[in-house]
Amino acid sequence: MSKHSLERENRELKRSLRLLASKVERNEAIVKSFFEMEIRLLSCTSLSELLDLILIEFREYFRLDAVNLVLFDPQQAARTLLEDYVPPPPANTLRFVENQRLLKTLYTDKNLVVGEPDDTIRETAFPGSHYILSCALLPLERHNCIIGSLHLGSGDPTRYSNAMMYDYIKHLASVISICIENCINYENMKRMSIIDVLTRVNNRRSFEIEIQREISRASRSEYPLSCLFLDLDYFKLVNDKYGHLSGDRVLRTVGGFLKQQQRKSDVVARYGGEEFSILLPNCDELQSVQLADNLREKFNALIFRSDKGEPFRMTTSIGVSTCYPASYKRDTFERLAYNLISAADKAVYHSKAAGRDQVQFVATSGSEPPAKPKLEAV
């Protein structure tokens, strides 16, 4: 072999080695990036945090033009956890389906779909995104059931191709499936510990935790905190006349009614039996009494129905108390919380004793409104 041929072969060998080394480096970088993202996915403890990571950060991290997600949610378990969640733009980045029809259309054999999307897939997976020229559609599967679909879209027609291997994103899809299931289960368990199962409002335990937090905030921000106790009048007669299932129906209706009436900062709880409590941050005595009376009037207009569909109305007695944590520094938050609850509970008793269907106010012991500054004589 001539010297020239050896030199040319040597150059080609070096070039092949450089290409191979470059490919190895790229593959290592890909593995590292996927490993880092996998760690972040597994560290998510809330569904909203997980969705932000997938729908927002995936686009920048993996240089994508679109990331869409479809979740199979027949019992609305995910939607219940995402009542305040706002998906990122554009529209339809996050969709929920209650049956498998859409998912079976995308995955006839539960396998990854890659390549240039046809018009049907583009409109189904990326509605309104006509600029997507290649995509990877990942079935999210748990326990042999497709629970969702993750859509990665790119304006680069060569980004996703049938000629390439996609073991990494297949693995990532498996991790995402596990994370979605784990977040839903974790949050549901957490909610069960603080939510009253029947009425779907906070339970007494969580209310007593929240009241100390609110007193702490009120003390720092120097605003009043009011507490309302609502006791349903003659609730025992409902159980006696219509049955306990009808009584449960009443309690569920009241829970839904109070949630609709509350401000975003308010805390509504079932305190026990037929008694409900509401915390009203930054609400003084006059405001809380007026709010309570408006609530009582709206409550009186409600039409309840027995388990057999028979209509009836009810009334409620409401007790109100207000504390001013910033003006009373000598007591603990726990003691102030106890005094506020005790005063509101005593006010309910006064409402009942005075004939029911009314609002009564009892001042909180040891917490007086701040004195108004005196005007000096000029």
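Residues numbered from 1 in each chain as written. Predicted model: local features only at pLDDT ≥ 70, side-chain atom pairs only at ≥ 80, totals over all residues. Heavy atoms only, no water.

A. Quick look at the layout of surface pockets. Taken as a whole, the largest pocket encloses approximately 1,100 Å³ of empty space. Glu 83, Asp 84, Arg 191, Ile 195 and Asn 202 are the residues nearest the centre of the largest pocket, which is lined by 34 residues in total. Put simply, the parts of the chain that give the lining of the largest pocket at least two residues each are helix 3 (77-81), helix 6 (167-194), helix 7 (204-221) and strand 7 (267-272). Take the lining of the largest pocket: its biggest share by element is 6 residues, from helix 7. For the lining of the largest pocket, the class distribution of residues is 12 nonpolar, 8 polar and 14 charged. (1 Å grid on protein atoms, 1.4 Å probe; cavity = no way out; pocket = protein on both sides within 12 Å on 5 of 7 lines; lining within 4 Å. Points joined across faces, edges and corners; volume = space filled by probe spheres on them. Helix = DSSP H or I, 4+ residues; strand = E, 2+ residues; numbered from the N terminus. Nonpolar A, V, L, I, M, F, W, Y, C, P; charged D, E, K, R; others polar.)

B. Molecular detail of the sheet that holds strand 8 (residues 275-281). Across the sheet, which stays open at both edges, the 5 strands sit in the order 7-8-6-11-12 with mixed pairing between neighbours. Of all the strands in the sheet, the pair left with one neighbour each is strand 7 and strand 12 (359-361). When the angles between neighbouring strand axes are averaged without regard to direction, this sheet yields 20°. Lying over the sheet, helix 7 contacts strand 6 (225-232), strand 7 and strand 8, oriented at roughly 135° with respect to strand 7. (Pairing = 2+ DSSP bridges. Axes fitted to C-alpha atoms, helices over the stretch in contact; angles between N-to-C directions. Contact = heavy atoms within 4.5 Å.)

C. A look at the environment of Met 37. Structurally, Met 37 is set in helix 1 (residues 3-42). Since its relative accessible area comes to 0%, Met 37 is described here as buried. In this structure, the C-alpha to C-alpha distance between Met 37 and Ile 54, residues 17 residues apart in sequence, is 9.7 Å. Not counting residues within four places of it along the chain, the set of residues in contact with Met 37 comprises Leu 53, Phe 58, Tyr 61 and Phe 62. (Buried < 20%, exposed > 50% of the residue type's maximum accessible area, 1.4 Å probe, protein only.)

D. Seen up close, the side chain of Arg 122. Assignment of secondary structure puts Arg 122 in helix 5 (residues 119-125). One polar contact links the side chain of Arg 122 to the main-chain carbonyl oxygen of Ile 132, over a distance of 3.0 Å. The contact partners of Arg 122, leaving out residues within four places of it in the chain, are Pro 117, Pro 127, Ser 129, His 130 and Ile 132. (Polar contact = N/O pair within 3.5 Å; in protein donor to acceptor, adjacent residues only side chain to side chain.)

E. Structural context of the sheet that holds strand 3 (residues 113-115). Taken in spatial order, the 5 strands make up an open sheet running 2-1-5-4-3, and their pairing is mixed. The outermost strands of the open sheet, each flanked by one partner alone, are strand 2 (94-97) and strand 3. On average, adjacent strands in this sheet sit at an angle of 15° to one another, irrespective of strand direction. Sheet topology note: the strand 3/strand 4 (residues 134-142) ladder contains 3 bridges and is antiparallel. The residue of strand 4 that forms the bridge with Gly 115 is Cys 135. Of the strands in this sheet, strand 1 (66-72), strand 2 and strand 5 (145-154) touch helix 2 (residues 47-61), which is tilted by about 160° from strand 1. Helix 6 rests against strand 1, strand 4 and strand 5 of the sheet, and its axis sits at about 45° to strand 4.

F. Region of the structure containing the pattern of salt bridges. For the coordinates displayed, the defined rule picks out 17 salt bridges. Asp 233 is paired through a salt bridge with Lys 352; the nearest N and O atoms lie 2.9 Å apart. Taken together, the residues span a long stretch of sequence, with Asp 233 in the loop between strand 6 and helix 8 (235-242) and Lys 352 in helix 11 (residues 333-353) at a distance of 119 residues. Of the two residues, Asp 233 and Lys 352, neither departs from the other in class, the shared state being buried. Between Asp 307 and Arg 249 there is a salt bridge, with its nearest N and O atoms 3.4 Å apart. Taken together, the residues span a long stretch of sequence, with Asp 307 in the loop between strand 9 (304-305) and strand 10 (311-312) and Arg 249 in helix 9 (residues 244-261) at a distance of 58 residues. For Arg 249, a relative accessible area of 31% corresponds to the partly exposed category. (Salt bridge = Lys/Arg side-chain N within 4 Å of Asp/Glu carboxyl O.)

G. Fine view of the packing of helix 7 against helix 11. Between helix 7 and helix 11, the least distance of the axes is 9 Å, while the angle of their chain directions is 110°. Between helix 7 and helix 11, the angle falls in the class roughly perpendicular. For the crossing formed where helix 7 meets helix 11, the hand is right-handed. In contact with Phe 207, Ile 211, Gln 212, Ile 215, Ser 216 and Ser 219 of helix 7, helix 11 contributes Phe 333, Glu 334, Leu 336, Ala 337, Leu 340 and Ile 341. Counted by class, the contact of helix 7 with helix 11 contains 8 nonpolar, 3 polar and 1 charged residues. (Parallel < 35°, antiparallel > 145°, perpendicular 65-115°, else oblique. Left-handed = near helix turned anticlockwise from the far one by under 90°.)

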